Amino acid sequence: WLLPGSLSGASLAHRCHHRATAMLDVPFLPFCAFLGTLGLLCVAMVGTWCQHWRGGFSLDGSSRTFNWHPVLMVTGLVVLYGAAALVYRIPHTWSGPKLPWKVLHGSLALGAFVLTVLGLAAVFRFHNSQGTPNMYSLHSWMGLGTVLLFSCQWAAGFGAFLLPWAPSWLRALYKPIHVFFGSTILMLSVASCVSGINEKLFFSLKNGTMDYKLLPAEAVFANTLGLLILVFGVLVVGALARPSWKRPDSDSLDSRQ
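Residues numbered from 1 in each chain as written. Predicted model: local features only at pLDDT ≥ 70, side-chain atom pairs only at ≥ 80, totals over all residues. Heavy atoms only, no water.

The name recorded for the chain in an unreviewed UniProt entry is Lysosomal membrane ascorbate-dependent ferrireductase CYB561A3, from Climacteris rufus. Regarding the chain, the UniProt comment filed under Catalytic activity (unreviewed entry) reads as follows: "Fe(3+)(out) + L-ascorbate(in) = monodehydro-L-ascorbate radical(in) + Fe(2+)(out) + H(+)". You can read under Subunit (unreviewed entry) in the UniProt record for the chain the words "Homodimer." (UniProt positions renumbered as here; feature names shortened; annotations may be inferred.)

Structure representation (structure tokens):
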């Protein structure tokens with residue numbers, strides 16, 4: 001049995017849900033502006049951390065050489081990669097030729113990959129010059145696995161979407177796989193960066209004037225950086241999953257219009 005009040009209650013709940021959804025309906029371009037500001041803040045904070053607390057930057061194989069590693073990884077593997085992932089969510093990409101946007105997407109991803117490789121070179125140079133073993137921590141395993149997956153993703157995307165002789169059936173088959181691994185690589189990148197920040201704090205503050213557990217200013221600053229990186233990654237993945245921001249299919253009414 002349904003009471004009359006239950007119908008009005010359901011209608012009220014539906015209206016409240018609709019209003020809440022409308023309030024959360026943020027336009028894409030302001031969202032991108034906020035996300036870009038957040039990404040620049042992450043890059044500025046990791047640079048400030050390495051410059052102010054870790055002694056700056058150098059190429060002499062010392063700890064200052066290592067400082068290039070977090071800066072390049074956050075800039076390339078998180079911020080620039082996130083920008084590449086959102087290219088096809090720009091409304092201007094939904095009409096007209098796709099090739100310029102494909103080139104922009106691939107170029108941003110390639111730039112992110114180059115910065116990532118340079119970041120790996122910095123940490124390997126530091127370890128080798130100091131006699132420190134490579135690839136022994138979970139952070140290093142996860143980070144290298146992410147970079148290898150990223151390289152396979154870029155090569156497969158280049159072959160399937162940019163080379164002219166790739167058949168249409170292959171592109172249609174690979175497209176959902178490419179999209180899935182794009183989000184997966186971004187979240188793995190965020191996890192690698194956050195675990196790397198934590199690992200660096202444990203190593204750096206273990207013999208310092210104030211232990212990590214006492215939360216000195218450096219620990220608070222770096223922990224905040226890790227949270228901002230996590231928020232950035234979650235927002236990018238959320239934007240990629242939002243149905244209203246997805247490019248319409250080529251055979252849909254919206255695309256034809």
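Q: Explanation requested: the overall build of the chain in the structure shown.
A: Per the secondary structure count, the chain includes 9 helices and 0 strands. When the helices and strands of the chain are listed from N to C terminus, the series reads α-α-α-α-α-α-α-α-α. Looking at the 257 residues of the chain, the share that counts as buried comes to 37%. Considering only contacts in the chain between residues 6 or more positions apart, those separated by 24 or more positions represent 70%. When the accessible surface of the chain is summed, it comes to about 14,800 Å², and 72% of that surface belongs to carbon and sulfur atoms. (Helix = DSSP H or I, 4+ residues; strand = E, 2+ residues; numbered from the N terminus. Buried < 20%, exposed > 50% of the residue type's maximum accessible area, 1.4 Å probe, protein only. Contact = heavy atoms within 4.5 Å. Areas by Shrake-Rupley, 256 points an atom, 1.4 Å probe, with all protein chains shown as cover.)

Q: Sorry if this is basic, but what is going on with the packing of aromatic side chains here?
A: Two aromatic rings, taken as a pair, are described by how far apart their centres are and by the angle between their planes. Under the criterion given, the structure shown has 11 aromatic pairs. Ring plane angle 45° and centroid distance 5.1 Å describe the contact between Phe 31 and Trp 245, whose orientation is recorded as tilted. Note that Phe 31 is positioned in helix α2 (residues 28-52) and Trp 245 in the loop between α8 (217-241) and α9 (253-256), a separation of 214 residues in sequence. Aromatic side chains Phe 113 and Phe 150 sit 5.7 Å apart centroid to centroid with 90° between the ring planes, which places their arrangement in the edge-to-face category. Of this pair, Phe 113 sits in helix α5 (residues 99-130) while Phe 150 sits in helix α6 (residues 138-162), and the two are 37 residues apart along the sequence. According to the relative accessible area criterion, Phe 150 is buried, its value standing at 1%. Put simply, the rings of Phe 28, Phe 31 and Trp 245 pair up and form one aromatic cluster. A cation sits over an aromatic face here: Arg 242 above Trp 245, 4.6 Å from the ring centre. (Phe/Tyr/Trp six-rings, centres within 6.5 Å; stacked < 30°, edge-to-face > 60°. Lys NZ or Arg CZ within 6 Å of the ring centre and 35° of its normal.)

Q: Mind showing me how you'd approach the side chain of Thr 116 here?
A: Among the secondary structure elements, Thr 116 is positioned in helix α5. Taking the relative accessible area as the measure of exposure, Thr 116 reaches 0% and is therefore buried. In this structure, Thr 116 is in contact with Met 73, Gly 76, Leu 77 and Val 147, ignoring residues within four places of it in sequence.

Q: What am I meant to see in helix α4 (residues 68-85) here?
A: An α-helix turns once every 3.6 residues. As a result, residues three or four positions apart point the same way. Helix length check: α4, at 18 residues, gives a terminal C-alpha distance of 24 Å against a target of 26 Å (1.5 Å per residue), a fit within 8%. Along α4, the sharpest kink reaches roughly 25°, centred on Thr 75. (Expected span 1.5 Å × (residues − 1). Bend = angle between axes of the 7 residues up to and from the residue.)

Q: Would you mind going over the confidence of the model for the chain with me for this structure?
A: Close reading of the predicted structure is inappropriate where its pLDDT is low. Mean pLDDT over the chain works out to 87, with 86% of the residues at or above the 70 mark. Ranking the helices and strands of the chain by mean pLDDT puts α4 first, with 97, and α9 last, with 38. With pLDDT under 50 throughout, residues 16-23 is counted as low confidence; its partners more than four residues away or in other chains account for 0 contacts. With pLDDT under 50 throughout, residues 251-257 is counted as low confidence; its partners more than four residues away or in other chains account for 6 contacts. (pLDDT = per-residue confidence, 0-100.)

Q: Help me out: how do you make sense of unusual backbone geometry in this one?
A: Excluding glycine, residues mostly carry a negative phi; peptide bonds, for their part, are mostly trans. Within the chain, Met 135 stands out as a residue other than glycine whose phi angle is a positive 55°. Structurally, the position occupied by Met 135 is in the loop between α5 and α6. Judged by its relative accessible area of 28%, Met 135 is partly exposed. Notably, Leu 215 is not glycine yet its phi reads approximately 55°, a positive angle. The topology assignment puts Leu 215 in the loop between α7 (168-205) and α8.

Q: Please explain the UniProt feature "transmembrane region" (unreviewed entry) in the chain as it appears in this structure.
A: UniProt's entry tags residues 28-50, 71-91, 103-126, 138-165, 177-198 and 219-241 with the feature "transmembrane region" (unreviewed entry), counted in the numbering of this structure. Across residues 28-50 one finds 100% helix and 0% strand; the C-alpha atoms that close the span lie 33 Å apart. Its end C-alpha atoms 35 Å apart, residues 103-126 is made of 100% helix and 0% strand.

Q: I keep staring at the packing of α7 against α8 and nothing clicks. Help me out?
A: Angle between the axes and distance between the axes are the two parameters that describe a pair of packed helices. Interaxial distance between α7 and α8 falls to 9 Å at its minimum, and their mutual angle equals 175°. As far as their axial angle goes, α8 and α7 are roughly antiparallel. Packed against α7, whose contacting residues are Ser 183, Leu 186, Met 187, Val 190, Cys 193, Val 194, Ile 197, Leu 201 and Leu 205, the element α8 presents Glu 218, Ala 219, Ala 222, Asn 223, Leu 225, Gly 226, Ile 229, Leu 230, Gly 233, Val 236, Val 237 and Leu 240 at the interface. Counted by class, the contact of α7 with α8 contains 16 nonpolar, 4 polar and 1 charged residues. (Axes fitted to C-alpha atoms, helices over the stretch in contact; angles between N-to-C directions. Parallel < 35°, antiparallel > 145°, perpendicular 65-115°, else oblique. Nonpolar A, V, L, I, M, F, W, Y, C, P; charged D, E, K, R; others polar.)

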